[in-house]
Amino acid sequence: MNSSPLPNGRLLPDSQSWNSSGSDEDLDVEPGPGPHGGVVEFGGVLSKWTNYIHGWQDRWVMLKNNTLSYYKSQDEREYGCRGSLCLSKAVITPHEFDECRLDISVNDSVWYLRAQDPEHRNQWIDSIEQHRAESGYGSESSLRRHGSMLSLTSATSGYSATSTSSFKKGHSLREKLAEMETFRDILCRQVDTLQKYFDGCADAVTKDELQRDKIVEDDEDGFPNTRSDGEFLHNNNGSKEKLFQCLSHKGINGIDFKGEAITFKATTVGILATLSHCIDLMVKREDSWQKRLDKEMEKRRRVEDAYKSALSELKMKSHFGGPDYEEGPNSLINEDEFFDAVEAALDRQDKIEEQSQCEKSRIQRSSSVPLGDVYSSVGSHRFAEKVEEMVQNHMTYSLQDVGGDANWQLVVEEGEMKVYRREVEENGIVLDPLKATHCVKGVTGHELCHYFWDTDVRNDWETTVENFNIVETLSDNAIIIYQTHKRVWPASQRDVLYLSAIRKIIANNENDPDTWLVCNFSVEHENAQPNNRCVRAKINIAMICQTLVSPPEGDKEISRDNILCKITYVANVNPGGWAPASVLRAVAKREYPKFLKRFTSYVQEKTAGKPILF
C-alpha cells in the first residue's frame with residue numbers, strides 16, 4: 001500500500017484522506033448515544049412564564065440533540081412538544097436577583113424558566129452548556145474529519161505533491177493555510193532532491209574532465225590506459241559512451257530528474273492557486289466583516305436611542321407588570337398580549353358584577369327625585385360661567401346628527417343603539433371622541449339624568465369605579481367629585497377629578513321636547529391633587545335626554561307606554577398616559593354599549609310602577 005508523508009513526518013495511506021483545516025464551517029457533529037459518543041438526554045419539571053393571565057405554570061422540559069423543548073406534562077410527551085428552541089445561538093442568562101430563574105433567548109423569542117431551587121437551576125445551565133459545546137460550538141471531540149483536498153502520493157517517488165487537477169476550492173481560510181504548510185514541506189523536499197541531483201551532476205562533470213585529460217595524454221604516448229575497474233579506455237566513440245554512462249536517464253543516485261521537475265512544477269502551481277484563493281477569501285472576509293461592523297454600529301445606535309428613551313420614561317413613571325415588563329411606550333408587552341390581559345381582567349370584573357347585582361336586587365334603595373325647578377337655575381358659584389359654557393356647547397354641537405359625517409365612524413349598532421367614533425391622536429395618545437345614541441321606553445329624561453347624576457345610587461349601576469367622594473358641593477345641582485377607577489392590569493390605575501352638573505334646559509317653544517342634561521368635565525381642586533399611585537385622566541362627558549310623549553288613546557291618561565326617551569351620550573377622554581391605541585379603541589367599543597345597556601336597564605327597573613316624573 002502506497003503512503004505519503006505528512007508535514008510532521010508521519011505517513012498517511014492513499015486510501016485515507018487528510019484535512020488540516022479545523023474550520024467551523026466544514027465540521028459536522030458526530031452523534032453519540034452515551035457519555036463517550038455524545039451527551040445524554042436531560043429532562044425535568046420547570047416553571048415557565050406562560051402569559052399575563054396565568055403567570056408561572058409547571059411544564060416538562062426536555063434537553064436533547066442541542067434542542068430545548070417543553071411539554072404540558074411528562075405524560076403528554078407522545079402528543080408532541082408545545083414549543084422548542086435551538087440552542088446553537090441561544091443566550092442563557094441567569095437572573096440577577098432570582099436565584100432559581102434563568103432566561104433563554106433566541107433572537108426575539110424569550111423563555112422565562114424557574115427551577116425549584118438554585119442547585120437545579122445550575123444543573124440545567126451546565127447541561128445546556130454541555131449540549132451547546134458537544135454540538136460543535138466549543139468542543140472538538142465530536143468533530144468528523146472530511147475528505148482531503150490534497151493527494152500526497154507520487155507515482156514514481158517517495159515524495160508527494162498536488163496536481164492542479166486535484167485542487168479544489170474550499171471555504172475556509174484556515175484550511176487553505178494548512179494546505180500552504182503542506183506545500184511548503186513538499187517543496188522543501190523537492191528542492192533538496194534536485195539539489196542532490198545537481199551536486200551529483202557537477203561531481204560527474206569534474207571527474208569526466210579529469211578522465212578526458214588523462215586519456216588525451218595516453219593517446220599521445222600511444223599506450224592504452226587501464227582504469228581501476230580493469231577496463232581499457234580507447235580514443236574512440238565506444239570509449240566515450242562508456243565514460244558518460246553515469247549520466248544516463250537514471251540520473252545520479254537513481255533520481256528521476258524529469259519526474260521531479262514535473263512534480264516541482266505542479267507544487268508551485270498549487271502554491272500559486274492556493275495563494276490566489278487565500279487572497280480572495282481575505283477580501284471576502286474583509287467585506288463581510290465590514291458589513292457586520294456597520295450592522296453592529298447601527299444596532300448600537302438604536303439600542304442607545306432606545307435606552308435613552310426608556311430611561312426618560314422611567315424617570316416620569318415607575319409602574320411595573322409581569323416579570324421584567326414596564327408599562328409605557330417602551331414596554332416589552334406587545335399590543336396583542338396587552339389586549340388579552342385587559343380583556344381577561346374585564347371579564348373577571350363582569351362576573352363579579354353579576355354576583356353583586358344579585359345581592360343589590362335584594363336591597364331596594366328608595367331615592368326621591370327632586371322637582372325640576374331645583375335644576376333650572378344657573379347658580380352663583382365660582383364655576384357657574386364654566387358650567388353654562390359647557391351646557392351651551394353640548395346643546396349646540398352634541399345634538400348634531402353625525403350619520404352623514406365622514407369623520408365619524410359607526411363602530412357599534414345594536415337595535416336602537418348606535419355608537420360612533422372619530423379617531424384622534426395627540427403625541428401618541430388616543431383621544432378619540434365617542435358619541436352614542438339610544439332610545440329607551442318607559443322612562444323620562446328627568447329620571448335618567450337624575451340617576452346618572454345622583455351619587456347615592458352610583459355604585460348600584462357603575463361597575464368601573466373603585467371608590468369616590470364629593471370634594472365640594474357647589475350648589476344644589478353642581479358638585480365636584482374625585483373618583484378612582486378599578487385597575488385593569490397591565491394598564492395603570494386611573495383617577496379623575498371632575499365637576500358634575502345637572503340642568504333642565506328651558507324650552508324655546510312649546511314644540512320642543514322636554515330636555516335634561518348632565519355634564520361632567522375635569523377641574524382642579526386643592527383638596528385632590530394628583531398622586532404617584534394613579535394616572536390622572538381628563539374627561540368631558542355629557543348625557544342629554546329628550547322625552548318624547550305620544551298621545552294616549554281616547555281619554556286614557558299618559559302611561560309609561562306612551563313615553564320614549566332619546567339619549568345622546570358624548571365622551572371626550574384623555575387617558576393621561578400611554579397605552580396601545582388598538583387596545584384603547586377595542587375596550588371603548590366593548591364597554592360603552594355595555595354601560596348604556598346596564599344603566600338604562602337599571603333606571604327602567606327603578607322607575608317601574610312609580611309615578612311618571614317629567
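Definitions and limits used
- Residues numbered from 1 in each chain as written.
- Predicted model: local features only at pLDDT ≥ 70, side-chain atom pairs only at ≥ 80, totals over all residues.
- Heavy atoms only, no water.
- UniProt positions renumbered as here; feature names shortened; annotations may be inferred.
- Helix = DSSP H or I, 4+ residues; strand = E, 2+ residues; numbered from the N terminus.
- Buried < 20%, exposed > 50% of the residue type's maximum accessible area, 1.4 Å probe, protein only.
- Contact = heavy atoms within 4.5 Å.
- Areas by Shrake-Rupley, 256 points an atom, 1.4 Å probe, with all protein chains shown as cover.
- Pairing = 2+ DSSP bridges.
- Axes fitted to C-alpha atoms, helices over the stretch in contact; angles between N-to-C directions.
- Lys, Arg positive; Asp, Glu negative; His and termini not counted.
- Salt bridge = Lys/Arg side-chain N within 4 Å of Asp/Glu carboxyl O.
- Polar contact = N/O pair within 3.5 Å; in protein donor to acceptor, adjacent residues only side chain to side chain.
- Core = buried A, V, L, I, M, F, W, Y, C linked by side-chain atoms within 4.5 Å.
- Expected span 1.5 Å × (residues − 1).
- Phe/Tyr/Trp six-rings, centres within 6.5 Å; stacked < 30°, edge-to-face > 60°.
- Lys NZ or Arg CZ within 6 Å of the ring centre and 35° of its normal.
- Patch = residues over 30% accessible without salt bridge, like charges linked within 9 Å, V, L, I, M, F, W, Y side chains within 5 Å.

If you check an unreviewed UniProt entry, the protein appears there as Ceramide transfer protein from Cyprinus carpio. Among the UniProt annotations of the protein, the heading Catalytic activity (unreviewed entry) holds the following wording: "N-hexadecanoylsphing-4-enine(in) = N-hexadecanoylsphing-4-enine(out)".

A. How the structure looks around the overall build of the protein. Looking only at helices and strands, the protein features nine helices and 23 strands. Across the 614 residues that make up the protein, the buried fraction comes to 41%. Partitioning the intrachain contacts of the protein with sequence separation of at least 6 by distance along the chain shows that 62% fall at a separation of at least 24. Carbon and sulfur atoms make up 50% of the accessible area of the protein, which amounts to about 36,200 Å² in all.

B. Molecular detail of the pairing of strand β23 (residues 563-574). Sheet topology places strand β16 (residues 434-441) next to β23; eight bridges connect them, and they run antiparallel. By the bridge assignment, threonine 437 is partnered in β23 with threonine 568. Note: strand β22 (residues 538-549) against β23, twelve bridges, orientation antiparallel. The partner of methionine 543 across the bridge, within β23, is tyrosine 569.

C. Highlighting the sheet that holds strand β9 (residues 109-114). Taken in spatial order, the seven strands of this open sheet run β6-β5-β4-β3-β9-β8-β7, and their pairing is antiparallel. In this open sheet, the two edge strands, each paired with only one partner strand, are β6 (83-86) and β7 (91-94). On average, each strand axis in the sheet is inclined to that of its neighbour by 35°, with strand direction left out of account. Looking at chain direction, β7 and strand β8 (residues 101-106) are connected through four bridges and run antiparallel. Residue threonine 93 lies in a different strand from β8, and its bridge partner there is aspartate 103.

D. How the structure looks around the side chain of glutamate 462. Inspection of the secondary structure assignment puts glutamate 462 in the loop between α8 (458-461) and β17 (465-475). The side chain of glutamate 462 is buried and forms no salt bridge, while arginine 598, the nearest opposite charge, is found at 4.3 Å. Of the polar contacts made by the side chain of glutamate 462, one reaches the side chain of threonine 464; its length is 2.8 Å.

E. The arrangement of the nonpolar core in detail. With 38 residues, the main nonpolar core has Leu448, Phe452, Met543, Tyr569, Phe595 and Phe599 as its most contacted residues. A total of seven residues in this core trace back to one element, the largest contributor, which is helix α9 (residues 581-607). Here phenylalanine 452 is in contact with Arg458, Trp461, Val518, Asn520, Met543, Tyr569, Phe595 and Phe599, once residues within four sequence places are set aside.

F. Main features of helix α1 (residues 118-134). With 17 residues, α1 should cover 24 Å at 1.5 Å per step; its first-to-last C-alpha distance of 24 Å lies within 8% of that length. Of the surrounding secondary structure, the elements contacted by the buried residues of α1 are β3 (42-51), β4 (55-64), β5 (67-71), β7 and β8.

G. Expanded view of the packing of aromatic side chains. Counted according to the given criterion, the structure contains 13 aromatic pairs. Considering the side-chain rings of tyrosine 569 and tyrosine 592, the 6.1 Å spacing of their centres and the 50° angle between planes classify their relative orientation as tilted. Of this pair, tyrosine 569 sits in strand β23 while tyrosine 592 is found in helix α9, placing the two residues 23 residues apart along the sequence. The class for tyrosine 569 is buried, based on a relative accessible area of 6%. Using a relative accessible area of 19% as the deciding quantity, one classes tyrosine 592 as buried. If you follow arginine 114 out to its NZ or CZ, it ends over the ring of tryptophan 56, 5.9 Å from the centre. Taking NZ or CZ as reference, arginine 292 lies 4.8 Å from the ring centre of tryptophan 289, over its face.

H. Region of the structure containing the pairing of β9. For β3 and β9, the ladder comprises two bridges, and the chain directions are antiparallel. When the sheet's bridge partners are listed, lysine 48 is paired in β9 with leucine 113. Relative to β9, β8 is paired through six bridges, and the arrangement is antiparallel. Bridging across to β9, aspartate 103 finds its partner in tyrosine 112.

I. Spotlight on a nonpolar patch on the surface. Nonpolar side chains collect at one region of the surface, where Ile279, Met282 and Val283 lie side by side and expose about 270 Å² of accessible area between them. The residue methionine 282 is located in helix α4 (residues 257-316) in this model. Using a relative accessible area of 44% as the deciding quantity, one classes methionine 282 as partly exposed.

J. Spotlight on the side chain of serine 500. Note that serine 500 resides in strand β19 (residues 494-505). Judged by relative accessible area, which is 0%, serine 500 ranks as buried. Within polar-contact distance, the side chain of serine 500 engages the side chain of asparagine 520 at 2.7 Å. In this view, serine 500 contacts Trp453, Asn477, Ala478, Ile479, Ile481, Val518, Cys519 and Asn520; residues no more than four positions away in its chain are not counted.

K. Examining the pattern of salt bridges more closely. Within the structure shown, the criterion is met by 19 salt bridges. Between lysine 64 and glutamate 41 there is a salt bridge, with its nearest N and O atoms 3.2 Å apart. Remark: glutamate 41 occurs in the loop between β2 (11-13) and β3 and lysine 64 occurs in strand β4; sequence separation between them is 23 residues. A relative accessible area of 44% means that glutamate 41 is categorised as partly exposed.

L. Fine view of unusual backbone geometry. Phi angles above zero are rare outside glycine, and asparagine 65 is one such case at about 50°. Within the secondary structure, asparagine 65 sits in the loop between β4 and β5. By relative accessible area, asparagine 65 is classed as exposed at 62%. If you check the backbone angles, asparagine 66 has positive phi at about 65° while not being a glycine. Mapped onto the fold, asparagine 66 is located in the loop between β4 and β5.

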